[in-house]
Amino acid sequence: MAAEPVKITIKESLPVITTPPVLVPRLLLGLNTAVKGNVQFLSDDELIYPAGAVLAFHNTTLKKQKYIRLPEKGANINLIALSPNKKHLAICDVGDKVSVTLYDPVSYKKRKQIYMPTERDISAKRVEAVSFTCDSKCLIFVVGDPDWLMIIFKIDKIKLDSITRANNSNNTGSVIQICPNPTDSNLLVLVGNGLFRSLSCAEGIWRQFGFNKAENLNIASACWITQDRLLAGTTHGKLMYFENGELKRVYHAIDTIALILKDSNDSKESGFFGSATIVPPEPTTETAPTTSVAENDNNSISHLTNFARGFVFCFQRGALQYFEKVTAHKYVRKVIFRIPDNNIVRLDDDIKEDQEEFIHEYYNEVNSIAIPPSENRILVTCNETQIYVGKLLGTEGDVTMSVHGLPLHHGPICSVAVCTWKPIFMTAGCFDRTLRIWNYENETIELLKRYQEDILTCDLHPTGYFTVVGFSDKLRVLKIMMNDFVSDREYPIRGCKLVKYSKLGHLFAAVNGNMIQVYSSVSYEHMFNLKGHNGIVTSISWAHDDYKLSSCGTEGAVYEWQISTTRRICETIIKVCQFSGLAITNDGKSNFAVGSDGRVREIVNSNVYNELKITSNSLECMAMANSDAMMFTAGNNGTVYSLLIPISDTSCTNEYSIHNKKISAMQITYDDKWVITASPSCICIWRIAGADSRMVRLDKEFVPSTEVMIKRSDLLDKLAQIKELQVRINEMQTEHSYQMRQTVGAHTAIMTDMRTRFQQSIDELKEKNENLELEHNIEMSNINMEIAKMSNQNDAYVQKLEASYIEKLIVEYDKYMLLEERLCKMRMTYDKELEELAEAKRVSEKTITHTYDVQLRNKTGLVEELRTKVALMAKEAETTKEQIEDDADREIYEIKAEFEKELRDEQDLNVRLRGETQSSKKKLQISQKSIDDLMHTLHTHEIEQHKLRTVIFGLEQTINDLKNEIAERDLTIQDKEKRISELKDKNLELEKLKFILEFKIDELKAQIEPRDRTIAEQTEQITDMLTELENLQKIIQSLELQLTKMREKLRAADNETKREVVRNRAAKANLKRIKTEIHFASGMIQDIPKMQKAVREMYHKHNADKDFAITHAEDAEAKKEFMRQRDFLERSVKALRAQVTKSKSYTGENLRLVEQNSQLINETNNLRKSLKVERKDNKRMSALLGCKSNAIPAGKPSMLLEKALATKDEIRQEYVGIIEDDQKSMEILHAENARLRAKITNILDTHIPKPLY
């Protein structure tokens, strides 16, 4: 089982290159399942999805990928959204500073990073939902708890457009999805747990409208199906139908077959389509369902997605329901897509730290849905690292979705192994328990198998036919068959995490704890153990000639072992560093090791010769080129470093980040052109560029192997299947030929019917054409009569119009004069009224002002008098108060009574004065109103006057227009009179021409009728001759075919005779050998055991079953060929007989052809007889050779062979004579055909009339 090594020639003097090799990612296989919207269609062929530390743009037809590097290796991304016009890509980050980054998916460049507005104190740490408006001009996103704000940015200006509260007014509910309207950018819906808000924007302010009683509803998703209709799915398994913001119906998804969105009164459709509840105009809560459905993840309606053909949603975990749009108001469920469940049940003790993030309760729970612009398929991602696809066109019922592209690993990839003879590599998934073989040249997966046990490690044999796989319970050697892994040997090594084949493939080393066990891959025997490590062995490397083996461990030791003596020859221990990767050079002189201190060390003879600090973190693994000129290592959570060998303190490195997690395995291919790296759920194939001079030089004669191992039983089954398929193909060909013959016959009948119908339709059309010509002539005469009548009527009408227009002008002029008189009178009256009103106004104003001035003066005088009186009375009161103190009370009461009376009188007077002043004010207001009314009437009269002026101006214009029209009509009438006179003259001339032409037509008709008769007769003769010619050509063609077939048969007979001659010679040689062997055996008559042995050897030597089977197969083929030729000849005879019966009406020349045909039939019968004779000869020859039961005794074969060879020349002469006769008959037929053609051309020349000029 040892493999021949690939011939590698390493140049001793390489050109000086200071720059490290460049790594270019060619293919990235992976998917980040934690991101919402993690698959998007940029076009029908281009996908966008996050993988590792990049955003991949994958073109499926061209098989090319382009990448956008994400900040912080994509660790903080939670949402991805693509604009409707496919020109903007939004990526949302999670962290203390929440931001949304916009990218250009065409140029793959970052456009802008949007941060939260500073005027608001936003403490949210993540964006819960993001979307674009229908016109792709605005970006909408909702920040989460505790703010719950909806923020709208204008993309062109990167300017805050508006901001509003996203959840309910009482700060309840959480947003799950934003649903912008598909036609109106100022309308959207927010849905979530306890939330349903329909919002419209006016002047930058968002207002809620429509249904708002959603506190008890948990809505998982929603989508617009038209510009005013919306569907929402709840966690109870209900579909809520909204129209213009109002809830109309509730459907239950568990038993809904169709959705009818019209009211039951308007809908003409009937039948059971599922349970639906018609909701009243003002619902408070959701109506109770007819089918009781519990609220859980399984019954939740999520990821509602609408497109032109219908809509899709996820219901009952791992299932998608597709409703097809039948009419504008009806949607019918067409397909239920099911995602395969690849769940692996694990115990809590078996789960490791690096596997916790990949453990989900349900792997087929949908994460996102994507539909391409062509809408011919649907892509789905779920918790499993895989993209599934389903066809939307041409599928019905339950359909299981298939894997889109290549099947991906889910969880950590524990090992990667490359092959030396083939362009393949092997990966082992320790979480998904799969072994996969990939082809990195054509980017395909060749073999995949899932196991029940955990896989810990694997390695490929250099030939690519075997692999060693470490399972959790055993170490197994597997054969790599064409479509399966077959176990060949098992070893009781539990938990083997490292295994490595030697370079030549005759040994492999397996790590068992801290011990290395070496086994033979040829005999599968345990060869020896290598002991010495105190820690876990992390890496093994074989020298190019398998003379040495190097190993390293977590205790910081690097050991070098000599395989021939199983001794440790070198050791290096660095306790500070835990080594994780090791590679030995081809000459075995130096080792390169990486470890936890981030350094690359070159170890020579147990000493650290060189070292290079790459990173402050640990390095996980490494791979060295087969040319020993460059090296690659990985560390810092997914960063790949490239460097040149030899290393030094000043060596430079290149960094590449496409993985976002720890790289668990790294390998380089046999030709130093590709590097393969693997991290959890992610594989990257890198192309090495810029290092052609440092790659390994392969032998020019080396070609990668393409052979595959297959079981003999599988091969035989496939060969049997191929034979069955060939038989089926032959049967189908015969059936197809038979069907074609039937269809040709049917089509010929149809064509004849079509020709007859076509001829009938032509005749009918000719008759119709003649009738139409007659009708056209009659119509032309009627039209001429009508033209004359119309001209007379037009003259009378013109005279009437002139008289009526003159009368109308007179009437209009009279009206105009009356209107002018009225206007003058109205002006005079209006001027007089205005003067009178102005004078009355002046007089009234003067009188009113004079009267009110007099009254005011009087009142002011009275008020002053009263004030003087009050002052005097006060003085008198004071004097009386001083004089009389005894009667103070009585006088005080009297004085009070008097003053109260006076005050009351004064108050009454004041009230009266106030009333008079108010009445005067009212009169002033009334007068002012009357003045305003008069001004308004004056204004209206002025407007009417202006209108009348415009009417007068318009009437004057109409009068001028009418005068112009009259003048124009006079001119047109004069022109028409001139034309009529000219037409009358032309009509007279045409009548003269008509009379002359009619006379000529009669003469021509008299000449044409006899010529038409002769032409018809001659055309009939020509058609008859053509039919005869066609029949003769068909007969000639059939005879030519028969002749060619007879020639082929003759060639086959010649070949058979040659084969028989060869067989006869071989038979003679065999007979001579048998005779000699019998002669030698007869000499052993006395020694019976030797004679038996000799006879047995003779029997085994000469009694070959293969010859017997071959002869039987040849007999069967000969019979089939005979039956096929017989059927063909019978069919040709039938066809010729039919042609003969059809051609009985032909002339005597055709009878001669029929006689020749009968001669050919006789010749075919003779050929049949000769074929029978040949068959008999064949049977005789087979009997002669001993291939049949009736074998001829040993004495006769030579005589029969001589007879057969004697008759060979006679048979050949007979066949040569037959061929010459056939050629003569063919020449005669060709001459006859040429004579008939010449005759037809003469007939055509003599009978076809010459054209008349």
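Residues numbered from 1 in each chain as written. Predicted model: local features only at pLDDT ≥ 70, side-chain atom pairs only at ≥ 80, totals over all residues. Heavy atoms only, no water.

So, about the sheet that holds strand S46 (residues 537-542). If you walk across this open sheet you meet the four strands as S46-S47-S48-S49, and the pairing is antiparallel. Only two strands of the sheet have a single neighbouring strand rather than two, namely S46 and strand S49 (567-573). With strand direction ignored, the average angle separating the axes of adjacent strands in the sheet is 20°. Pairing geometry for strand S47 (residues 548-553) and strand S48 (residues 557-562), over five bridges, is antiparallel. Counted as the bridge partner of Ser550 is Glu560 from S48. (Pairing = 2+ DSSP bridges. Helix = DSSP H or I, 4+ residues; strand = E, 2+ residues; numbered from the N terminus. Axes fitted to C-alpha atoms, helices over the stretch in contact; angles between N-to-C directions.)

Once that is clear, we can look at a positive patch on the surface. A contiguous patch of positive charge on the surface is contributed by Lys1119, Lys1169, Lys1172, Lys1176 and Lys1179. Relative to the helices and strands, Lys1176 resides in helix H5 (residues 1148-1185). (Patch = residues over 30% accessible without salt bridge, like charges linked within 9 Å, V, L, I, M, F, W, Y side chains within 5 Å. Areas by Shrake-Rupley, 256 points an atom, 1.4 Å probe, with all protein chains shown as cover. Salt bridge = Lys/Arg side-chain N within 4 Å of Asp/Glu carboxyl O. Lys, Arg positive; Asp, Glu negative; His and termini not counted. Charge placed at Lys NZ, Arg CZ, Asp CG, Glu CD.)

What follows covers unusual backbone geometry. With an omega of 5°, the peptide bond running from Asp145 to Pro146 counts as cis. Ile645 connects to Pro646 through a cis peptide bond whose omega is 10°. One can find Pro646 in the loop between strand S56 (639-644) and strand S57 (654-657). The backbone of Tyr108 sits at a positive phi, close to 60°, despite the residue not being glycine. Structurally, Tyr108 is set in the loop between strand S9 (99-104) and strand S10 (109-115).

Next up on the list: the nonpolar core. Membership of the largest hydrophobic core comes to 52 residues, with the highest contact counts inside it found for Phe425 and Ile688. Per-element accounting of this core gives the leading share, six residues, to strand S60 (residues 682-689). Discounting chain neighbours no more than four positions away, the residues touching Ile688 are Pro21, Val22, Leu23, Met630, Phe632, Ile668, Asp672, Lys673, Trp674, Val675 and Met695. (Core = buried A, V, L, I, M, F, W, Y, C linked by side-chain atoms within 4.5 Å. Buried < 20%, exposed > 50% of the residue type's maximum accessible area, 1.4 Å probe, protein only. Contact = heavy atoms within 4.5 Å.)

A word on the packing of aromatic side chains. Within this structure, the stated rule accounts for 20 aromatic pairs. For the ring pair Phe196 and Phe242, a centre distance of 4.2 Å and an interplane angle of 15° mean the geometry is stacked. With a gap of 46 residues between them, Phe196 in strand S17 (residues 195-202) and Phe242 in strand S21 (residues 238-243) connect regions that are remote in the sequence. An identical accessibility class is assigned to Phe196 and Phe242; each is buried. On the numbers, 6.2 Å between centres and 20° between planes, the contact of Phe311 with Phe313 is stacked. You'll find Phe311 and Phe313 in the same group, each marked buried. Ring pairing ties together the aromatic residues Phe311, Phe313, Phe323 and Tyr331, which thus form one cluster. Over the ring of Phe471 we find Arg476; its NZ or CZ atom is 4.7 Å from the centre of that ring. (Phe/Tyr/Trp six-rings, centres within 6.5 Å; stacked < 30°, edge-to-face > 60°. Lys NZ or Arg CZ within 6 Å of the ring centre and 35° of its normal.)

Here the focus is the pairing of strand S55 (residues 630-635). Across the six residues that make up S55, a large majority, six, are buried. Of the two faces of S55, the one lined by Met630, Phe632 and Ala634 and the one lined by Met631, Thr633 and Gly635 are each fully buried. Examined bridge by bridge, strand S54 (residues 619-624) and S55 share five bridges and lie antiparallel to one another. What sits directly across from Met622, in S55, is Thr633.

Another point: the pattern of salt bridges. Per the stated rule, a full pass over the model turns up 20 salt bridges. The partner of Asp398 in a salt bridge is Arg338, and the shortest N-O contact between them spans 3.4 Å. Of this pair, Asp398 sits in strand S32 (residues 397-400) while Arg338 is found in strand S28 (residues 330-338), placing the two residues 60 residues apart along the sequence. Relative accessible area serves as the criterion here: at 53%, Asp398 is assigned to the exposed category. Judged by relative accessible area, Arg338 falls into the partly exposed class, the value being 35%.

Turning our attention to a nonpolar patch on the surface. On the surface, Leu990, Leu993, Phe995, Ile996, Leu997 and Ile1001 cluster together into a nonpolar patch covering about 610 Å² of accessible area. Topologically, Ile1001 is positioned in helix H2 (residues 888-1082).

On to the sheet that holds S10. As summarised here, the arrangement of the four strands in space is S7-S8-S9-S10, forming an open sheet in which the pairing is antiparallel. Single-partner strands in this sheet number two, and they are strand S7 (77-82) and S10. Pairs of neighbouring strands in the sheet enclose a mean axial angle of 20°, with direction left out of account. Pairing geometry for S9 and S10, over six bridges, is antiparallel. The residue bridging Val100 from the neighbouring strand is Ile114, located in S10.

Attention now goes to empty space enclosed by the protein. Scanning the entire structure with this criterion turns up nine cavities of 30 Å³ or more. Of the volumes computed, that of the largest cavity is approximately 110 Å³. What lines the largest cavity is Leu1039, Gln1042, Leu1043, Met1046, Leu1160, Glu1163, Thr1164, Leu1167, Asp1222, Ser1225, Met1226 and Leu1229. Of the residues that constitute the lining of the largest cavity, the class distribution is seven nonpolar, three polar and two charged. By volume, the second largest cavity amounts to about 90 Å³. If you trace the second largest cavity, you find it lined by Asn342, Ile344, Tyr363, Glu384, Leu408, His410, Phe431, Asp432, Arg436 and Arg450. For the lining of the second largest cavity, the per-class residue count stands at four nonpolar, two polar and four charged. (1 Å grid on protein atoms, 1.4 Å probe; cavity = no way out; pocket = protein on both sides within 12 Å on 5 of 7 lines; lining within 4 Å. Points joined across faces, edges and corners; volume = space filled by probe spheres on them. Nonpolar A, V, L, I, M, F, W, Y, C, P; charged D, E, K, R; others polar.)

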